[in-house]
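Notes for the structure review
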Amino acid sequence: MKSKPIIMVLLATFPVFFSSCDKPGKDSIFINQPRQEVLFDFDWRFHRGDAENAQLAEYDDSAWRTLDLPHDWSIEDIPGTDSPLIPTAIGGISTGYYLGGTSWYRKTFNVPAKLEGKKVSIMFEGVYMNSDIWLNGVHLGNHPYGYTAFEFDLTELIKFGEENVLAVQVKNEGRNSRWYSGSGIYRHVWLNVTEPVHIKIWGVGITTPEISAENATVNITTEIVNKSEVIQPVEISGTVFDSDGKKVAEFSSDIEIGAGNEISDVQTVQVNSPNLWSPEAPDLYQTVIELKNKKGKIIDKKAEHFGIRTIEFSVENGFLLNGKPVLMRGACVHHDNGPLGSAAFDRAEERRVELLKASGFNAIRCAHNPPSVAFLDACDRLGMLVIDESFDMWQRPKNPQDYSNYFDEWWQTDIEAMVLRDRNHPSIIMWSTGNEIPERGEPEGAETSKMLAEYVRKLDPTRPVTAAVNGLNPDKDPYFATLDISGYNYSFGGDHGKQSIFEMDHERVPDRIMYCAESYPLEAFGAWMDVVNHSYVLGDFVWTGFDYLGEASIGWRGYPHDENFYPWNHAYCGDIDICGFKRPQSFYRDVLWEVGDQLSIFVKPPVSSFPEKENRASWSKWHWHDHVADWNWEGYENQNLEVNVYSGHEKVELFLNGESLGIKETNTDNEFIAVWSVTYQTGELKAVATDGETVKAEHILKSAENPVKILLSADRTKLLATGQDLSYITFELVDENGIRNPKAENLLQFEMEGPGEIIAVASANPMSTESFQQPQRKAWQGRGLVIIRSQKNAGEIVLRVKSDGIESAEINIDSN
């Protein structure tokens, strides 16, 4: 029986902002452009805690702290302490023992009198959660969901040429999340100024109904609103440019919009010999759309980047991108940025995508909410496939104060905010309507799924609708029937043992297209073999690609979470830890996915790395083997230690201090892990991998002496002086030979000089209760991280690092 393939084609866009990064409140930010999208992140006042009458314009906030956005107060030290953690936090183990609560933000600003007559709105990209907004003491509205953008029209309340006060109350109260959510205005805020006739928010949608090597047919739909009191004749025109800035298409037409009305204008252009977007070649185009009034004056202008590509899904051929088969090497990713909490700095979002791609991932499932614009922009630019997900629950709660309290009233608004905002990103290949929904196996759940899926398809018919489902039994069939593609959580291992439920369900429902929406790290081999062996299994998304805060200790102590696990605060299940360092399972995945030299050495410690969880359920497999890249075992001389070599080659020979310990094969029979029992002595372990008689790779693990110096390395030594740019600086404690000592836990102190600030310090120790903000941090496994944020004045930034008994170090960063 053949399945009907799902074939979809689109172009995608993201905004280019015509604005200055000068401080809002100065006339200089309001430049001479028809559309002004002003970054509104700077110079807010903040008060941690509730405050009576703080919504009033005349409220005295002079004693409040001044800060810039994005901001997450949960990652900051609890007032009066040197730690952000407290064992009595209401979110408990789920939110990692970090505090939420209620807090306030206020901003005083001026809109020049010369702009009177224009339309002014405020756009919040994300506030967690349940936020109320006031302008000059007047309540604009409430937005419950913490992960979708929202906008308010300020025009009627703005005092042009005078001071205005914007007040925001944020209420992250009760138990409302299963992971670390963060608290506050954690994404960008924009002040938008337009003419009465303008392009709507998220008002440009672009699709390509036909694509060939010779030509792409491009449909550009522009939604235009007339907020004036008279009929407005408008000329709409657009120009398409390729990545070299060459004009490749253009269009224009004349339309008329009634007073107070909206209109959708659809134009079709042809792009010859299109460069197709893919993870290997993420080619982007740009279109510039202009509106002109009857006098020929430009009254609105938007520039959008976009990509051209086709997607097709079928049981027989799997996932085809631009007609070519692609196996999705997927990562589930929460929204937090580790040491920064949930603060969505553009560079932090980009870096996560960079690191995931460097570790072999080509796809991300956004768990379990829409991500930031910056994150999707990075996926577009760098070439990363995306499943964009809406909700973690619908009508039935997972926690008493979660989104289920708002779903019935708000689901449609929040689905629109996801789909209309994100519909033009070429990276997005599926929409997900939910994750592990409690009512998934009951008729009401199937009915709600049908309602959501139909609405998503109405907004965007170019992509399939999916959802991530656990408890994989036939009672979920009605739910799956409402979806285009079925996401299976924990299809391999767990309750099903070593039998793949994909094979069983393919026999039952042969036209169902499936993928593993979440898999256990410990079952990496079996989960990936399901993808390799079955065309109807599109890919595997490991839980998780990047480690995250909250859901503490599932990667070690696992489930059930039936006791206080404090001070655990990291999940500790990610392929990449919260600092961005690869963990052992990521090196194993290199072997499965044939990334890099596919060879690494790890040792099973003679004593467990952490206290064991005695009653961990047999199905709870979010942990990885207790393997460490460490050949420093003082006190265990002449005792046998287990040495594991991950290899994607035919054979591996292991040497200790130049003496061969034998040759072993690595293949599917041993899941590409060769194991030796080695009598410990200090020195050098060396693995040599061969295919036939050819040496393909070598890997060395050396013992380290006591650390004598600090090694600093920055991911970027040149920053933009925008007040938003970041440099991630790794510190390592090394011996006289430059070898990192993986047992070093020295305390380091940090000093800054120049136009920058330290905004976070961290290690990947999942049980550390240290401050992320104080200028000091203990190393863990001999290393850690410092994050520097640029200021808005240029100059040289110097970071100095010292530790008792160790040679100090410094590094220079240029900010321009």
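Residues numbered from 1 in each chain as written. Predicted model: local features only at pLDDT ≥ 70, side-chain atom pairs only at ≥ 80, totals over all residues. Heavy atoms only, no water.

1. Regarding the overall build of the chain
What counts here: Counting from the N terminus, the helices are the DSSP runs of H or I reaching at least four residues and the strands are the DSSP runs of E reaching at least two. Taken over C-alpha atoms, the radius of gyration is set against a globule rule of 2.2 Å times the number of residues to the power 0.38. Using a 1.4 Å probe on the protein chains alone, a residue whose accessible area is under 20% of its type maximum counts as buried, one over 50% counts as exposed, and one in between counts as partly exposed. Counted charges follow a simple rule, with Lys and Arg positive, Asp and Glu negative, and His plus the chain ends left uncounted. To locate a charge, take NZ of a lysine, CZ of an arginine, CG of an aspartate or CD of a glutamate.
Looking only at helices and strands, the chain has 8 helices and 46 strands in total. What you see for the chain is a C-alpha radius of gyration of 27 Å, in line with the 28 Å of a compact globule of 816 residues. The buried share among the 816 residues of the chain stands at 62%. Distance from the positive charge centre (75 side chains) to the negative charge centre (121 side chains) of the chain: 2 Å.

2. Quick look at the sheet that holds strand β25 (residues 385–389)
Heads up, the condition is: DSSP-based pairing: two strands are paired if at least 2 bridges between them are found. Angles shown run from 0 to 180 degrees and are taken between the N-to-C directions of axes, each axis being a line fitted to C-alpha atoms and, for helices, limited to the stretch in contact. Residue contacts follow a heavy-atom distance rule, with two residues in contact if any of their heavy atoms lie within 4.5 Å.
Strand order in the closed barrel formed by 8 strands is β23-β24-β25-β26-β27-β28-β29-β30, with parallel pairing between adjacent strands. Taking each pair of neighbouring strands and ignoring which way they run, the sheet shows an average axis angle of 25°. Along the sheet face, helix α3 (residues 407–422) touches β25 and β26 (428–435) and points at about 170° away from the line of β26.

3. A short note on the sheet that holds strand β35 (residues 673–679)
Strand order in the open sheet made by the 3 strands is β31-β32-β35, with antiparallel pairing throughout. Only two strands of the sheet have a single partner each, and these edge strands are β31 (599–604) and β35. Averaged over all pairs of adjacent strands, the angle between strand axes in this sheet comes to 25°, irrespective of strand direction. Where β31 lies against strand β32 (residues 640–647), 6 bridges are found, and the strand directions are antiparallel. Counterpart to L599 in the pairing with β32 is S647. Relative to the sheet, helix α8 (residues 584–593) contacts β31, β32 and β35, its axis offset from that of β32 by approximately 45°.

4. Here we look at the pairing of strand β44 (residues 783–790)
Taken across its 8 residues, β44 has 8 buried, putting it largely inside the fold. Side chains R783, L785, I787 and R789 of β44 all project onto a buried face; the interleaved residues G784, V786, I788 and S790 project onto the opposite face, where all are buried too. Here 6 bridges tie strand β42 (residues 756–762) to β44, and the two strands are oriented antiparallel to one another. Bridged to A762 within β44 is L785.

5. A closer look at unusual backbone geometry
Following L69, the chain continues into P70 via a peptide bond in cis, with omega recorded as 0°. Inspection of the secondary structure assignment puts P70 in the loop between β5 (65–67) and β6 (101–110). Of note, the amide linkage connecting A367 to H368 takes the cis form, showing an omega dihedral of -10°. The phi dihedral of E436 falls on the positive side, at around 45°, and the residue is not glycine. Position of E436 relative to the elements: it lies in the loop between β26 and α4 (443–459).

6. Focus on the nonpolar core
Here is the rule we go by: Here, the term nonpolar core denotes a set of buried Ala, Val, Leu, Ile, Met, Phe, Trp, Tyr and Cys residues that are joined through side-chain atoms within 4.5 Å.
F319 and I415 are the most contacted members of the largest nonpolar core, which totals 100 residues. Here this core gets 6 residues from one element, more than from any other, and that element is α3. Those residues in contact with I415 that lie beyond four places of it in its chain are S390, F391, L452, Y455, V456 and L459.

7. Examining the packing of helix α1 (residues 346–358) against helix α2 (residues 373–382)
Selection rule: Angles below 35 degrees are treated as roughly parallel, those above 145 as roughly antiparallel, those between 65 and 115 as roughly perpendicular, and all remaining angles as oblique. Less than a right angle of anticlockwise turn of the near helix away from the far helix marks a crossing as left-handed, whereas a clockwise turn marks it as right-handed. Gly is placed with the polar residues, together with every amino acid not listed as nonpolar (Ala, Val, Leu, Ile, Met, Phe, Trp, Tyr, Cys and Pro) or charged (Asp, Glu, Lys and Arg).
Direction vectors running N to C along α1 and α2 enclose 40°, while the axes themselves pass 8 Å from each other. In this view, α1 runs oblique relative to α2, as classed from their interaxial angle. The way α1 lies across α2 gives a crossing that is right-handed. In this structure, α1 uses D346, E349, E350, R352, V353, E354 and K357 to contact α2, whose residues at the interface are A374, F375, A378, C379, R381 and L382. Tallied by class, residues from the contact of α1 with α2 come to 6 nonpolar, no polar and 7 charged.

8. Quick look at α8
The element α8 is largely enclosed, with a buried count of 9 among its 10 residues. Within the sequence span of α8, burial applies to P584, Q585, S586, Y588, R589, D590, V591, L592 and W593. On the buried face of α8, the contacting elements are β23 (328–333), α7 (524–533), β30 (537–542), β31, β32 and β35. Downstream of α8 by a residue or two, E594 has a phi angle that is positive, lying close to 60°.

9. Side note on the pattern of salt bridges
Pairs can form between side chains of opposite charge once their charged atoms are near each other. The condition that has to hold: Any carboxyl oxygen of Asp or Glu within 4 Å of a side-chain nitrogen of Lys or Arg constitutes a salt bridge here.
The full count for this structure, using the stated rule, is 45 salt bridges. A salt bridge links D475 to K476, with the nearest nitrogen and oxygen atoms 2.8 Å apart. You can call D475 partly exposed: its relative accessible area is 39%. In this structure, R740 engages E732 in a salt bridge whose closest nitrogen and oxygen atoms are separated by 3.5 Å. Classification of R740 as partly exposed rests on a relative accessible area of 24%. A single salt-bridge network, built from bridges that share partners, covers R347, E350, E354, R381 and D715.

10. A closer look at the environment of Q598
Inspection of the secondary structure puts Q598 in the loop between α8 and β31. Its relative accessible area of 12% is what places Q598 among the buried residues. Sequence separation between Q598 and K247 is 351 residues, and the spatial gap between their C-alpha atoms is 44 Å. If sequence neighbours within four positions are ignored, Q598 has contacts with D590, V591, Y646, S647, G648 and H649.

11. Points about the packing of aromatic side chains
Heads up, the condition is: Aromatic pairs are defined between Phe, Tyr and Trp rings, using the six-membered ring for Trp, whenever the two ring centres lie within 6.5 Å; interplanar angles under 30 degrees are classed as stacked, those over 60 as edge-to-face, and all others as tilted. Charge-over-ring contacts are defined here by two conditions on Lys NZ or Arg CZ: a distance within 6 Å of the ring centre and an angle within 35 degrees of the ring normal.
Taken as a whole and judged by the stated rule, the model has 49 aromatic pairs. Their ring planes at 75° and their centres at 4.9 Å tell us that W631 and Y680 sit as a pair that is edge-to-face. In this pair, W631 is assigned in the loop between β31 and β32 and Y680 in the loop between β35 and β36 (684–691), connecting sequence segments 49 residues apart. Each member of the pair, W631 as well as Y680, carries the same accessibility label: buried. Taking NZ or CZ as reference, R329 lies 5.9 Å from the ring centre of W593, over its face. Here the basic side chain of R351 rests over the ring of Y728, its NZ or CZ set 3.9 Å away from the ring centre.

12. Some thoughts on α1
Selection rule: Expected helix span is computed as 1.5 Å times (number of residues minus one).
With 13 residues, α1 should cover 18 Å at 1.5 Å per step; its first-to-last C-alpha distance of 18 Å lies within 8% of that length. Three or more residues of α1 are buried, namely R347, A348, E349, E350, R351, R352, V353 and L356.

13. Points about the packing of α3 against α4
Two elements in contact, α3 and α4, have axes separated by 10 Å at closest approach and are oriented at 35°. Pair α3 / α4 crosses with right-handed handedness. Here F407, W411, Q412, I415, E416, V419 and L420 of α3 come into contact with α4, specifically with T448, M451, L452, Y455, V456 and L459. Its residues placed into classes, the contact of α3 with α4 shows 10 nonpolar, 2 polar and 1 charged.

14. A word on the environment of G487
Turning to its location among the elements, G487 is positioned in strand β28 (residues 486–489). A residue is classified by how much of its surface remains accessible, and G487, at 0% relative accessible area, is buried. In this structure, G487 is in contact with T466, A467, A468, V469, F480, Y515 and A517, ignoring residues within four places of it in sequence.

15. Quick look at the side chain of N424
The test is simple: Polar contact is the term for a pair of N or O atoms within 3.5 Å; when the atoms are in protein, one must be able to donate a hydrogen and the other to accept it, and sequence-neighboring residues count only if both atoms are side-chain atoms.
Within the secondary structure, N424 sits in the loop between α3 and β26. For N424, a relative accessible area of 4% corresponds to the buried category. Of the polar contacts made by the side chain of N424, one reaches the backbone oxygen of V204; its length is 2.5 Å. Polar side-chain contacts of N424 include one of 3.0 Å to the backbone nitrogen of I206.

16. Concerning the confidence of the model for the chain
When pLDDT drops low, the exact placement of atoms in the prediction is not to be read closely. Selection rule: The predictor's confidence in any single residue is recorded as pLDDT, a number from 0 to 100.
For the chain, per-residue confidence averages 94 on the pLDDT scale, and residues scoring 70 or more make up 95% of the total. pLDDT under 50 marks residues 1–28. Its contacts with residues more than four places away, or in other chains, come to 115 contacts.

17. Structural notes on the environment of G205
Tracing the sequence through the fold places G205 in strand β13 (residues 197–211). Along the sequence, G205 and G648 sit 443 residues apart, while their C-alpha atoms lie 44 Å from each other. Look past the residues within four positions of G205 in its chain and what remains in contact with it is N219, I220, T221, R423 and N424.

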